[in-house]
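Understanding the architecture of this molecule
What follows is each chain in one-letter form.
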Amino acid sequence: MLKSALLSAAALCGVHAATLNGTNSTSTSGYTKYSTVTGYFLQDDASTNASTFDYTATNFGLKSNFTGGSCGNLTDWQRFASVVNSLNANAPLNTVYKVFWLGRHGEGYHNAAETYYGTPAWNCWWSELTGNATVSWEDADLTAPGIKQAQIANAFWKSEIAVQKTPYPQSYYTSPLTRCTRTANITFSDLALPHYYPFVPTIKEFFREGISTHTCDHRSNKSVIAARFPTYKFEPGFALVDPYWTGITAEPAPAQDIRSKKALDQVFAQDDHTWISVTSHSGEIASLLRVLGHRTFSLSTGAIIPVLVKGEFLPYSNATSTVAFTTSTYCTNGPPITSSSGVAQGCVCSTGGMRGTGLPTGVMAAPTGYRL
């Protein structure tokens, strides 16, 4: 009762979102239906071109002409925060609204390698290796341009908080892959944050990139990650070694969407906060957007978009689905001689270059898929 009254007051007077959260109490059992609440961000609109979108030039894409949230001389983000608080204060008990900042990591060495070699040669040969004579891209780290992209995000967050009074993230999550843990650290670690919302990100397995045969998607062991970022938290049950990457099998998009929904379900069930940062990957963010009912919107390296999400907790359904992993193909005796849309992954190998199939000796079998 008291919390509801406080939230209503916050909604009317545009209290900074770091002050109160508007999450309703809900049961953790059942099925959660997600949808994107549109009308507030440019990235929601079909007319916005993702390839030219610049989050730093558009206030994270927040529109200035949205309806609601007007209370005195407020910034656009203060007005939007009051809208979100109002939505939560007036929502049914089975419904909650959260804002996710989805941030893609800065450029990694694997990104630079794909640009250098070209996509067919990368997919069919180089991505299966751990690196070349110059750099390693297994669990790829950031390049110098990638570090710069994360520094740009850091500077923009500082400006937005100071000028726009943009709400502080209340919770932080990151993929376990190095390019994301590093990006999150550069972006947020030196921000002047409230002591009650510190930058202590949770490393979450299912926010990782699509599981493929590429070594860049093979995460480091838990002990290595902990040594690099000792202040980060691991979600409960985080495995000591990568339980999913084999170098042979990969998850198709439907399987990735199942585990993306599982990750979102856990956040909605276990995290009462409203304003949430997720540092992830192009493929995983694309999957999250599909699950959230958002239109397709590709992010460039280092880019960030906020999404206003409505979660509805519905009665439990016995319906389940399982999507099997697939066996990937690649050249075994060098880069492909050309590419063709008519063959798997476009790999046209040189004479005698059999495409890889089956599990090599000593490699554990991959999971058959995810069950929802």
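Here the structure is a predicted model, which means the values were calculated and not measured.

Quick look at the side chain of S220
Here S220 is to be found in the loop between β4 (202–203) and α7 (222–228). Of the residues examined, S220 reaches a relative accessible area of 13% and is grouped as buried. A distance of 2.5 Å separates the side chain of S220 from the side chain of D139, its partner in a polar contact. Those residues in contact with S220, other than ones at most four positions away along the chain, are D139, T178, I225 and R228.

Comments concerning the packing of helix α5 (residues 144–164) against helix α6 (residues 178–188)
Contact geometry of α5 with α6 gives a least axis separation of 7 Å together with a crossing angle of 35 degrees. Seen from above, α5 lies across α6 with right-handed handedness. Where α5 approaches α6, its residues I147, A150, Q151, A153, N154 and W157 are matched on the opposing element by T183, I186, T187 and F188. Residue classes in the contact of α5 with α6 are distributed as six nonpolar, four polar and no charged.

Quick word on unusual backbone geometry
At N59, a position not held by glycine, the phi torsion is positive, near 60 degrees. Residue classification places N59 among the buried residues on the basis of a relative accessible area of 13%. The residue K165 is not glycine, and still its phi comes out positive at about 55 degrees. Mapped onto the elements of the fold, K165 is located in the loop between α5 and β3 (171–174). A relative accessible area of 35% places K165 in the partly exposed class.

Quick notes on the packing of aromatic side chains
Counted under the stated rule, the structure contains 34 aromatic pairs. Relative to Y117, the ring of Y116 lies with its centre 4.9 Å away and its plane at 85 degrees, an arrangement referred to as edge-to-face. The exposed category is assigned to Y116, whose relative accessible area is 66%. Here F234 and F238 contribute two aromatic rings whose centre-to-centre distance is 4.9 Å and whose plane-to-plane angle is 45 degrees, an arrangement assigned as tilted. Owing to a relative accessible area of 6%, F238 belongs among the buried residues under this scheme. Taking NZ or CZ as reference, R79 lies 4.1 Å from the ring centre of F66, over its face. The positively charged end of K98 is found above the aromatic ring belonging to F268, 5.4 Å away from the centroid.

Thresholds applied
For every chain, the first residue of the written sequence is number 1, and numbering continues from 1 onward in sequence order. Per-residue local features are limited, in this predicted model, to residues with pLDDT of at least 70; the limit for side-chain atom pairs, both in listing and counting, is 80 or more; totals at the level of whole chains, interfaces and linings are taken over all residues. The side-chain quantities take in all heavy atoms of the structure and omit both hydrogens and water. In this description a helix means any DSSP run of H or I spanning at least four residues, a strand means any run of E spanning at least two, and both kinds are numbered starting from the N terminus. Exposed residues in this analysis have more than 50% of their type's maximum accessible area, buried residues have under 20%, and partly exposed residues fall in between, with area computed by a 1.4 Å probe over protein chains only. Polar contact criterion, stated in full: a pair of N or O atoms within 3.5 Å, where within protein one must be able to donate a hydrogen and the other to accept it, and residues adjacent in sequence count only if both atoms are side-chain atoms. Contact definition: two residues touch when any of their heavy atoms are within 4.5 Å. Structural elements are reduced to axes, namely lines fitted to C-alpha atoms, with helices fitted over the stretch in contact, and the angle between N-to-C directions of any two is expressed from 0 to 180 degrees. Here a crossing is taken to be left-handed if its near helix is turned anticlockwise relative to the far helix by less than a right angle, and right-handed if that turn runs clockwise. When residues are sorted by character, Ala, Val, Leu, Ile, Met, Phe, Trp, Tyr, Cys and Pro go into the nonpolar class, Asp, Glu, Lys and Arg into the charged class, and all the rest, Gly among them, into the polar class. Side-chain rings of Phe, Tyr and Trp, where Trp is taken by its six-membered ring, are said to pair if the distance between their centres is within 6.5 Å; with planes under 30 degrees apart they count as stacked, over 60 as edge-to-face, and otherwise as tilted. Look at NZ for Lys and CZ for Arg. If either is within 6 Å of the ring centre and within 35 degrees of the ring normal, a charge sits over the ring.

That's the geometry; what it means functionally is another story.
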